[in-house]
Amino acid sequence: MPQLGNYDALWLLFAAVLVLGPAYAWSFWRKGQALRCLAQRHLLKRINASVSHGRQAVKAAMLVTAFVMIVIALSRPMSNPRPKEVRRRGRDVVILLDVSRSMLAEDIRPNRLERAKIGIRDMMTQMAGDRIAIVTFAGDSTVRCPLTTDYAFVRMVLDAIGTESTALGGTRIGDAIRDATKKVFDDRVRDCRDVILITDGEDHDSFPVEAAEAAGAMGVRIIAIGMGDDKEGTPIPVIGPDGRKTYLEYEGQMVRSKLDSATLRQVALATPGGQYLQMTPHTTFNLDEMYENLVGSAERRMLDPAMTVQYDEKFQLFLLAAVVLIVWEALVSERRKV
């Protein structure tokens, strides 16, 4: 069956129906009004004896048809589908994203979690063939998206992520690293594997450095990105049943979330080539630049081949038909031979 590469272009067909048709009808009416102001009706019949209203209608139809042909060409009609094996070089990248309540702290606007999601979307614009997976964690971890090159699906998964994405509260970075290493990566591959850990680093006795050392022994590099203030800490906002915003308290004291830079630096350096980077309220840091410098420029391996469907483009035929109609319309006279 014929396919279209750009279905959105078909919306322009409404212009042919809603704009061009009424525009031609209005222009013919206005022309008649102007001529009636110029001379009386019986004189107009003699002056316009050679004018063919049928030819005018045909010329208008030719231009409208040419416009429709251009729209069809823009929609990129394709035919002759055939399977094609695509071989790619790239890296396997797991985004390990902290979704604990402390990531709602607003020291980084709009909050740490939303700023991380914005950064991940920006980072994906730099990906070209790399496979990406998303694992969220707090007190436990969940694989939200396996390794894939379907970046549109990854963005859809990312949009749905929030602090309710895990069942248990807390932050257990070590368990998340172990789960990501075992559940996402292929044990048969020992190179070109990265974990981008995005968290505020407040770990709850999950031994993250030991987990990072084990991951490093399996050829996994960890790029740890710490988010937040590592000096005074920041209150954690809580929305009550009445919709009012308050701040999380424990035993009558306001809880302040503070970035644990020291632990995250140890986690990153426990893996070969690991890096620790920090996003604070007072610094500007772009994940897309980080990805280009640390991952995009790194060594790549041949990934498993993927099957895709290849088509022959047919837009040229419709574009040629539009050009022929436009030239033909210019050559057709409005007057008939007398």
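The text that follows walks through the structure, step by step, so that each part is easy to find. Nothing here was measured: the structure is a model prediction, and the numbers come from that model.

**Points about the environment of leucine 319**
For leucine 319, the location among the structural elements is in helix α10 (residues 315–331). We classify leucine 319 as partly exposed; its relative accessible area is 38%. The spacing of leucine 319 and phenylalanine 67 is 252 residues in sequence and 9.7 Å in space, taken between C-alpha atoms.

**Observations regarding the pattern of salt bridges**
Charged atoms that come close allow side chains of opposite charge to pair. Under the definition given, this model contains 15 salt bridges. For glutamate 329, the salt bridge goes to lysine 59, with nearest N and O atoms at 3.0 Å. Here glutamate 329 is found in helix α10, whereas its partner lysine 59 is found in helix α3 (residues 53–74), with 270 residues between them in sequence. By relative accessible area, which is 10% here, lysine 59 ends up buried. Of the charged contacts, one joins arginine 82 and aspartate 312 as a salt bridge, the two residues approaching to 3.0 Å between their closest N and O atoms. Of this pair, arginine 82 sits in strand β2 (residues 77–86) while aspartate 312 sits in strand β17 (residues 306–313); the two residues are 230 residues apart in sequence, bridging distant segments of the chain. Take arginine 82: its relative accessible area is 29%, and that puts it in the partly exposed class. For aspartate 312, a relative accessible area of 24% translates into the label partly exposed. Taken together, the shared-partner salt bridges connect Arg91, Asp194 and Arg221 into one network.

**Examining the pairing of strand β4 (residues 92–98)**
With seven of seven residues buried, β4 lies mostly within the body of the structure. A two-sided burial pattern is seen for β4, the buried positions comprising Asp92, Val94, Leu96 and Asp98 on one face and Val93, Ile95 and Leu97 on the other. Summarising the sheet, β4 and strand β5 (residues 131–137) pair through seven bridges and their orientation is parallel. In the strand pairing of β5, aspartate 92 is matched with arginine 131. In this view, the connection linking β4 to its parallel neighbour β5 by way of helix α4 (residues 112–124) has right-handed handedness. When β4 meets strand β7 (residues 193–199), the two strands line up parallel, connected through six bridges. Within β7, the residue paired with leucine 97 across the bridge is isoleucine 198.

**Topic: unusual backbone geometry**
Following arginine 109, the chain continues to proline 110 via a peptide bond in cis, the omega torsion being -5 degrees. With respect to the helices, strands and loops of the structure, proline 110 is situated in the loop between β4 and α4. Positive phi is not limited to glycine here, since asparagine 80 has a value of about 55 degrees. Among the secondary structure elements, asparagine 80 is positioned in strand β2.

**What about a nonpolar patch on the surface?**
Residues Leu12, Ile70, Leu74, Phe315, Leu319 and Ile326 make up a contiguous nonpolar surface patch of about 460 Å² in total accessible area. Put simply, the parts of the chain that give the nonpolar patch at least two residues each are α3 and α10. Of all the elements, α10 adds the most residues to the nonpolar patch, at three residues. One can find phenylalanine 315 in helix α10. Its relative accessible area of 30% is what places phenylalanine 315 among the partly exposed residues.

**Examining the sheet that holds strand β15 (residues 275–279)**
Taken together, the six strands give an open sheet; going across it, the order is β6-β5-β4-β7-β8-β15, and neighbouring strands pair in mixed fashion. This sheet does not close on itself; its edge strands, each paired only once, are β6 (141–148) and β15. On average, adjacent strands in this sheet sit at an angle of 15 degrees to one another, irrespective of strand direction. Helix α8 (residues 261–269) contacts β7, β8 (220–227) and β15 of the sheet and is inclined by roughly 150 degrees relative to β15. Contacts from helix α9 (residues 287–296) reach β4, β7, β8 and β15 within the one sheet, and its direction differs from that of β8 by about 155 degrees.

**A short note on the nonpolar core**
Judged by nonpolar contacts, the single largest core of 30 residues is most densely connected at Ile95, Leu97, Ile120, Met123, Ile196 and Ile198. Of all the secondary-structure elements, those providing two or more residues to this core are β4, α4, β5, α5 (151–159), β7, β8 and α9. Per element, the largest residue contribution to this core is five residues, and it comes from α4. Not counting chain neighbours up to four residues away, the residues in contact with methionine 123 comprise Ile95, Ile196, Leu287, Asp288, Met290 and Tyr291. Grouped together as the second largest cluster of nonpolar side chains are 26 residues, Ile173, Ala180, Val195 and Ala215 included.

Conventions we followed
- Residues numbered from 1 in each chain as written.
- Predicted model: local features only at pLDDT ≥ 70, side-chain atom pairs only at ≥ 80, totals over all residues.
- Heavy atoms only, no water.
- Helix = DSSP H or I, 4+ residues; strand = E, 2+ residues; numbered from the N terminus.
- Buried < 20%, exposed > 50% of the residue type's maximum accessible area, 1.4 Å probe, protein only.
- Salt bridge = Lys/Arg side-chain N within 4 Å of Asp/Glu carboxyl O.
- Pairing = 2+ DSSP bridges.
- Right-handed = clockwise from strand over helix to strand, strands pointing away.
- Patch = residues over 30% accessible without salt bridge, like charges linked within 9 Å, V, L, I, M, F, W, Y side chains within 5 Å.
- Areas by Shrake-Rupley, 256 points an atom, 1.4 Å probe, with all protein chains shown as cover.
- Axes fitted to C-alpha atoms, helices over the stretch in contact; angles between N-to-C directions.
- Contact = heavy atoms within 4.5 Å.
- Core = buried A, V, L, I, M, F, W, Y, C linked by side-chain atoms within 4.5 Å.

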